[in-house]
Amino acid sequence: MTTQTIAFLNDAFLPIEEAHLSPLDRGFTFGDGVYEVIPVYNGRSFCLDAHLDRLNQSLNSIRMQPPYSHEKWTHILDTLVKKNGAGDQWIYVQVTRGIEPKREHQFPTQVIPTIFAVSYPKVYLTKAEQAKGIRVTAVTDIRWKLCHIKTASRLAYVLMNQEAKEAGFDEGIIMNTGYALEGTISNLFIVRHGVIYTPPKSTQLLHGITRDYILGLAEQHKIPYRESKISERDLLKADEMWITASTRPISPVIEFNGHTIGNGKAGPMWDRLWDLYAGQVNNLSMSVSN
Ligand code: PLP
């Protein structure tokens, strides 16, 4: 039985308490880095290649070289998950632009990235638990203009999420000039007359791995969907609303800004997509060979 959380820092596995970083790390002083959150079901990471692709895209966008190949990352993260007792977990990965002796904004001439990963046990919500639904509110977009990058500079998201939580809601839906973009920690979907809608990919939102996975399931099962702008009016008229994220795959929304969505219960399209998603997760879990 594993009791101590093991982390990976700059090529070594060690207890999390012993994983120390310099206060001169640019991740600390500037939030100059990127991250990923990866779900693990029964010891197996889900959609790992897609997460590693996005990690590399984020790194390229901030003009950093990906430090490891997918093969090396896969080996590191599989080892980490095993060291932390396998089962259901979530992995956090962060890569920063390393140490900056004098807090210059300019990139160091020679970048030695800080590479960190840790994984924790996770109790994923059951279908019945998720079906209870969540309540969300609109929050005004206060972010910068490159929201497709999964940057470690998370302050705007923290403030918007806090605003929603303090107002008594489970999540904030980020609104910009009358249109909904995504949640503060999730992507957004609505259903209207049997069609699934989600905002199109742009620099205004994170290109969620779960978002893409769900659209892939819709495509595969010939469920109609469109990537199109979603106005506040569309939100109010929606038959169903969901938010998606790797660690809480598809959460049905039953209330938006005090307005009941559909009949105030998780809808039939959510039910179908949940089963399809859960089916994929179960296939993965059953293919574990240990
Ligand atoms: N949008 C934002 C702002 C997020 O922080 C997240 C997850 O952390 C998502 C969307 C969902 O992304 P994914 O499905 O890749 O977890």
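Residues numbered from 1 in each chain as written. Predicted model: local features only at pLDDT ≥ 70, side-chain atom pairs only at ≥ 80, totals over all residues. Heavy atoms only, no water.

The subject of this paragraph is unusual backbone geometry. The phi dihedral of His193 falls on the positive side, at around 50 degrees, and the residue is not glycine. Note that His193 resides in the loop between strand E10 (187-192) and strand E11 (195-198). Classification of His193 as exposed rests on a relative accessible area of 63%. (Helix = DSSP H or I, 4+ residues; strand = E, 2+ residues; numbered from the N terminus. Buried < 20%, exposed > 50% of the residue type's maximum accessible area, 1.4 Å probe, protein only.)

Now for the side chain of Ser186. Examined against the element boundaries, Ser186 turns out to sit in the loop between strand E9 (179-183) and E10. The exposure class of Ser186 is buried, given its relative accessible area of 6%. Within the structure, Ser186 has its side chain in polar contact with the side chain of Glu171 (distance 2.7 Å). Once residues within four sequence positions are removed from consideration, Ser186 is found in contact with Glu171, Ile243, Thr244 and Ala245. (Polar contact = N/O pair within 3.5 Å; in protein donor to acceptor, adjacent residues only side chain to side chain. Contact = heavy atoms within 4.5 Å.)

Taken together, the side chains of Ile142, Leu155, Val158 and Leu159 present a nonpolar region at the surface, about 390 Å² in accessible area. Tracing the backbone through its elements, the reader meets Leu159 in helix H5 (residues 155-166). Exposure remark for Leu159: the relative accessible area of 47% places this residue in the partly exposed category. (Patch = residues over 30% accessible without salt bridge, like charges linked within 9 Å, V, L, I, M, F, W, Y side chains within 5 Å. Areas by Shrake-Rupley, 256 points an atom, 1.4 Å probe, with all protein chains shown as cover. Salt bridge = Lys/Arg side-chain N within 4 Å of Asp/Glu carboxyl O.)

The environment of the ligand is made up of 17 residues, and the closest members are Arg54, Glu182, Ile209, Thr210 and Ser246. A distance of 2.7 Å is found between a nitrogen atom of the ligand and a side-chain nitrogen or oxygen belonging to Glu182. The separation between a nitrogen atom of the ligand and a polar main-chain atom of Ser186 is 3.3 Å. Against a free-state accessible area of 380 Å², the protein chains account for coverage of 95% of the ligand. Elements that contribute at least two residues to the shell around the ligand include exactly E9 and helix H6 (209-220). (Near = heavy atom within 4 Å.)

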